[in-house]
Amino acid sequence: MTEAAPPAPRVMVVDDHPMWRDSVSRDLGEAGCHVVAAVGEGAQAVRIAPSVRPDVVVLDLQLPDISGLEVTRGLQASCPDARVLILSASGEHRDVLDSVKAGATGYILKSASRSEFLDAVRRTAAGDPVFSPGLAGLVLGEFRRLAADPDPAPDIPRLTDREAEVLRMVGTGMTYKQIAERLVLSHRTVQNHVQNTLHKLQLHNRVDLVRYAIEHGLDSPAPGSRP
Amino acid sequence: MSSPQAPLWRSIAVFRFASLAYTAVLLGLRPQYYERWGWAWAVFALMVAWTAVSTAGYAVPARRTPVLFGADLALTAAAVLSTSVLQTPQALQLGVMPVTATWLAGPALTWAVAGGVRWGAAAAIVLGGCTVLLREPLGGKYQNTTLDGPVILLMAAMLVGYVARLTTRAEQAMQRAAELEAASRERERLARRIHDSVLQVLAMVQRRGAEAGGEAAEIGRLAGQQEAALRTLISGDGAAAVPAGERDLSGVLTGEASDLVSVITPADPVLLDQHAVAETTAAVRAAIDNVRQHCGATAKAWVLVDDEGGAVSVTIRDDGPGIRPGRLDEAAAEGRLGVSQSITGRMRDLGGGADIASTPGSGTEVRLRVPRDRPKVSP
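Residues numbered from 1 in each chain as written. Chains lettered and ligands numbered in written order. Predicted model: local features only at pLDDT ≥ 70, side-chain atom pairs only at ≥ 80, totals over all residues.

**Student:** Could you give an account of the sheet that holds strand S3 (residues 56-59) of chain A, with specific residues and numbers?
**Tutor:** Residue and element names in this part refer to chain A. Here 6 strands make up an open sheet; going across it, the order is S2-S1-S3-S4-S5-S6 and the pairing parallel. One side of each edge strand has no neighbouring strand; the edge strands of this open sheet are strand S2 (34-39) and strand S6 (130-131). Across 2 bridges, the pairing between strand S5 (residues 106-109) and S6 is parallel. If you follow glycine 106 over to S6, its bridge partner there is valine 130. (Pairing = 2+ DSSP bridges. Helix = DSSP H or I, 4+ residues; strand = E, 2+ residues; numbered from the N terminus.)

Here is the structure:
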């Protein structure tokens, strides 16, 4: 995977619905991706990830055995180079947010078109977060929630005005290009603003977990626990 | 499922056998009260036999027929009345317990359990009447204590009748609660199943349809609409507790989502008072109608709910061509106040406001603001 100018991303598909698993795998295969595994259970995904070494894990949050959050955490531990792209139905807001805070780098709805989906996989493989409007709304809401905490922690992450503005624009379906034009910024700057918001949340999540572990005298947080 | 009155029937059976034992003790200890002691034992034997038969009868609900209840009362009454020929005149005069002793209460209790207060009282009066008859007319003498037994019997029968009705009602209430719980659990299970199958298929149809284009795209669009509607239906009712008088704006607006309208919300509920939620929703609908009217049937729209703490903002953006500067003022001047009234007016009434902005290349954006701590305005 070191040679070959644009290396075909290695993708693992995790979805308990066979129809979606097959369809997504086929689309990825046709688009030139290398589907290294397609599994229906979270625990299985975490177990085989180190041996199939995926660049991207396409993850449905509705799994029969363990939660999407646990899969994301498990993958971070067992296969830290894999980037998690959530491909899920709408209406699973908390789960999506928790998984993103735990390190998933993208979220795209199952109702998205095939080209949108393939684009999302390519961007995830390249290391760019896939920020759908839905994810922007969730991230914005999470910052609002943290700020509204009556007893805020000193290191609570905050959005700059510009970041809030950009998130609101992403949340109303504007593309980076449209936002860049509107705000007279470069495409790259807009992208940085968006990535920053995500990094702040993920960092805060890690700090929170560490603090929780110290307070409770744990060496490592139990899976599924949240402070 | 066992009947709620099964324990009552069992306790009556226990009472009858215990009474038989008491009767035997009284008979054995007091032969001096009896003219015909041997016959008294014969009556006792009949009582034992009838207790066995009737207990077996009452044990099975199907056998609790009027015949059984009638026979029970008649036989018991006859046994009570037989006392007049079995006991000595002195014993009758003294008001000694009849040969049946406490066993005579049996039918009053069974009638009460089966028929309630009134039937229990009726049986108690018949049996109490028999014990009274044993006195004066049949050789005894009325005494101050003559009515004590019958009155106690009457009260006991009425109490048992009342308790029996109460247990039935409590059981019915419990069963209704259990049915409700089972129904909601079944509903949750169905919701999960629907999520796992139907919604996945609808999402897939939508996706494939959009790719195929033409008529298939229309089918895909319809599938998308149904997916959104069905999802709202199954996720809506399980909502967390919302304080009285308030509603979750996110949840209500999510109902406006369709294949062309994306509703973007935070993960947690956005609570506002009911009036504000209704008015904001109406304003959002008006804005979406505007998109349909001015940008065509295929224009997409996004509705973003942002809970800023002190206020809630809702942004509606479309990907249409945008509004020419000054167009809205012209419309107002021409007396076409649709946008102004249904959107701006509503927001102003809520103590907030609405901004309408349009940038060429990124559609029209309507931003509604609803303050949380607004002064109370009379509707």
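Text resumes after the structure shown.
**Student:** Give a detailed account of the interface of chain B and chain A, specifying residues and quantitative values.
**Tutor:** One frequently used descriptor of interface size is the decrease in accessible area upon assembly of the parts. Listed as interface residues are 33 residues of chain B and, on the opposing side, 35 residues of chain A. For the side of chain B that touches chain A, the secondary structure elements donating two or more residues are helix H7 (148-212), helix H8 (214-236), strand S2 (261-264), strand S4 (301-307) and strand S5 (311-318) of chain B. Sort the elements by how many residues they give to the side of chain B that touches chain A and H7 of chain B lands first, with 10 residues. Per-class residue counts for the side of chain B that touches chain A are 9 nonpolar, 12 polar and 12 charged. (Contact = placed C-beta atoms within 7 Å. Nonpolar A, V, L, I, M, F, W, Y, C, P; charged D, E, K, R; others polar.)

**Student:** So what's going on with the nonpolar core? Which residues, and what values?
**Tutor:** Counting residues in each nonpolar core, the largest one holds 98 residues, and the members touching the most others are Val57, Val58, Leu59, Leu85 and Val121 of chain A together with Val303 of chain B. Setting aside anything within four residues of it in sequence, one finds valine 121 of chain A in contact with Pro9, Val11, Leu28, Cys33, Val56, Val58 and Leu85 of chain A. Judged by nonpolar contacts, the second largest core, of 38 residues, contains Tyr33, Leu92, Leu127 and Cys130 of chain B. (Core = buried A, V, L, I, M, F, W, Y, C linked by C-beta atoms within 7 Å. Buried ≥ 20, exposed ≤ 12 C-beta atoms within 10 Å, placed from the backbone.)

**Student:** Help me get a handle on unusual backbone geometry, residues and values and all.
**Tutor:** We note that arginine 53 of chain A has phi near 45°; this positive angle belongs to a residue other than glycine. In this structure, arginine 53 of chain A sits in the loop between helix H2 (42-52) and S3.

**Student:** Lay out the packing of helix H1 (residues 6-29) of chain B against helix H5 (residues 106-115) of chain B in plain terms, naming residues and giving numbers.
**Tutor:** All names here are of chain B. Contact geometry of H1 with H5 gives a least axis separation of 10 Å together with a crossing angle of 175°. In terms of orientation, H1 and H5 fall into the roughly antiparallel class. Along its contact with H1, which presents Leu8, Trp9, Ile12, Phe15 and Arg16, the element H5 presents Gly106, Leu109, Thr110 and Val113. Across the contact of H1 with H5, the residue classes break down as 6 nonpolar, 2 polar and 1 charged. (Axes fitted to C-alpha atoms, helices over the stretch in contact; angles between N-to-C directions. Parallel < 35°, antiparallel > 145°, perpendicular 65-115°, else oblique.)

**Student:** So what's going on with the sheet that holds strand S6 (residues 353-358) of chain B? Which residues, and what values?
**Tutor:** Residues and elements named next belong to chain B. With mixed pairing, the 5 strands of this open sheet are ordered in space as S2-S4-S5-S7-S6. Two strands lie at the open edges of the sheet, namely S2 and S6, each paired on one side alone. Put simply, the sheet's adjacent strands are angled 15° from each other on average, direction ignored. Two strands pair when backbone bridges link them, and S6 and strand S7 (residues 364-371) are joined in this way by 6 bridges, in the antiparallel orientation. The residue of S7 that forms the bridge with glycine 353 is arginine 369.

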